[in-house]
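Residue-level structure breakdown
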Amino acid sequence: MFLIKKDILNYFKRANIKKNDTVFFHGNSMALFQIKGEDAVAKTNIFWNTLIQFLDKDGTIILPTFTYSLGRKKIYNHTRSKSNVGQFSEDFRKHFSETRSMDPIFSVCAYGSKKDEVSKVKYKNSFGKGSIFDFILKKNIKIICLGCELEVVTFLHYVEQVLKVPYRNFKNFKTYYIIQDKKLSQQSVKFYCRLDGSKFKYSLDSLKKEMLKKKKLTVTRFGRVKSYSFNAKDFFDIGYKILKKNNKEFINEV
């Protein structure tokens, strides 16, 4: 059974999305395939157009379009580089985005009233002060996981950097980028990345449990697909408290 506009609107309400919200979406294209439409493009258009209308003129949509562009072999082109985090975000970038941040590693694209603020976020320290993740916390943006688990939430690395967890450290990387198809530029970016040779997987079961206990995590479904939604400040505060007690709580070493 395919989903229609009414089902999409009901999902937004169940996910605690409200008019004029700013929302940051992690998603899987599989979720949108459930929508009634002629083809994948039509299904995608129906979803995003419905959300744009629902949020109204003061709402904003932000999606990750990370490229992980490191070194001269992989140049970040602000207007042309494809998202490396899935078709869900790449379709949004190509057809709906009004702006894109300049971070050659963790760029995001945006549509809506806060698009200019998003385009100006700093990126010399990917998870530092003034970064997109700092912006997400300060604006207490609503984060949505549609068809994916909490482990994909990149905002977690911002929490980890604040606490200086022992399984990550700072490294400076040379990045190369082109702005609006003009000349090639170079920038050093500070990235709080995994230690060389470290092998671990994330498990946020304890964070999920605590957020549910405190009623700070909304779990619902979009058709057959599970969805999570929460405010960035709640995620930060609860995640910070857990990591403060055990700085390796969220990883399983392999």
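Our structure is the block above this text.
An account of the accompanying structure is given in this report. Because the structure is predicted, anything quoted here is derived from the model rather than measured.

Within strand β1 (residues 22–27), five of the six residues are buried, which leaves it mostly tucked inside the rest of the structure. The sheet contact formed by β1 and strand β2 (residues 60–64) spans three bridges and is parallel. Its bridge partner lying in β2, Thr22 is registered against Thr60. Sheet topology note: the β1/strand β6 (residues 142–146) ladder contains five bridges and is parallel. Bridge assignment links Val23 to a residue of β6, and that residue is Lys142.

Turning to unusual backbone geometry, a few remarks are in order. One non-glycine residue, Tyr68, adopts positive backbone phi at about 55°. Take Tyr68: it is sitting in the loop between β2 and β3 (76–77). With a relative accessible area of 37%, Tyr68 lands in the partly exposed category. For Asn140, which is not glycine, the phi torsion reads 50° and is therefore positive. With respect to the helices and strands, Asn140 occurs in the loop between α6 (132–138) and β6.

Membership of the largest hydrophobic core comes to 52 residues, with the highest contact counts inside it found for Phe133, Ile136, Phe155 and Phe235. Broken down by element, this core gets its largest block of residues, six residues, from helix α9 (residues 232–245). Discounting residues that sit within four places of it in the chain, Phe155 has contacts with Phe133, Ile136, Leu137, Ile143, Ala232, Phe235 and Phe236.

The set of residues buried in helix α8 (residues 205–213) consists of Leu207, Lys208 and Met211. Down the axis of α8, the sector holding all buried residues measures 100°, keeping them to one side. Exposed and facing more than 90 degrees away from the buried side of α8 are Asp205, Lys209 and Lys213.

Looking now at the sheet that holds strand β8 (residues 184–194). Spatial ordering of the open sheet is given by β3-β7-β8, a layout of three strands whose pairing is mixed. Across the chains shown, the open sheet's two edge strands, defined by having one partner strand only, are β3 and β8. Note: β3 against strand β7 (residues 168–178), two bridges, orientation parallel. Among the inter-strand pairings, Tyr76 is bridged to a residue of β7, identified as Tyr177.

The grouping of Lys209, Lys213, Lys241 and Lys245 at the surface amounts to a positive patch. If you list the elements that add at least two residues to the positive patch, you get α8 and α9. Here Lys241 shows up in helix α9. Judged by its relative accessible area of 51%, Lys241 is exposed.

Right, let's get into the packing of helix α7 (residues 155–163) against α9. Any two packed helices are characterised by the angle at which their axes cross and by the distance between the axes. One can describe the packing of α7 onto α9 by two numbers: an axis separation of 10 Å at closest approach and a directional angle of 45°. Judged on the interaxial angle alone, α9 and α7 are oblique. Helix-helix and strand crossings are classified by hand; for α7 and α9 the assignment is right-handed. Of the residues in α9, those in contact with Phe155, Leu156, Tyr158, Val159, Glu160, Val162 and Leu163 of α7 are Ala232, Phe235, Phe236, Gly239, Tyr240, Leu243 and Lys244. Of the residues assigned to the contact of α7 with α9, the class counts are eleven nonpolar, one polar and two charged.

Calculation criteria
- Residues numbered from 1 in each chain as written.
- Predicted model: local features only at pLDDT ≥ 70, side-chain atom pairs only at ≥ 80, totals over all residues.
- Heavy atoms only, no water.
- Buried < 20%, exposed > 50% of the residue type's maximum accessible area, 1.4 Å probe, protein only.
- Helix = DSSP H or I, 4+ residues; strand = E, 2+ residues; numbered from the N terminus.
- Pairing = 2+ DSSP bridges.
- Core = buried A, V, L, I, M, F, W, Y, C linked by side-chain atoms within 4.5 Å.
- Contact = heavy atoms within 4.5 Å.
- Arc of directions from axis to C-beta.
- Patch = residues over 30% accessible without salt bridge, like charges linked within 9 Å, V, L, I, M, F, W, Y side chains within 5 Å.
- Areas by Shrake-Rupley, 256 points an atom, 1.4 Å probe, with all protein chains shown as cover.
- Salt bridge = Lys/Arg side-chain N within 4 Å of Asp/Glu carboxyl O.
- Lys, Arg positive; Asp, Glu negative; His and termini not counted.
- Charge placed at Lys NZ, Arg CZ, Asp CG, Glu CD.
- Axes fitted to C-alpha atoms, helices over the stretch in contact; angles between N-to-C directions.
- Parallel < 35°, antiparallel > 145°, perpendicular 65-115°, else oblique.
- Left-handed = near helix turned anticlockwise from the far one by under 90°.
- Nonpolar A, V, L, I, M, F, W, Y, C, P; charged D, E, K, R; others polar.

On their own, these measurements won't tell you what the molecule is for.
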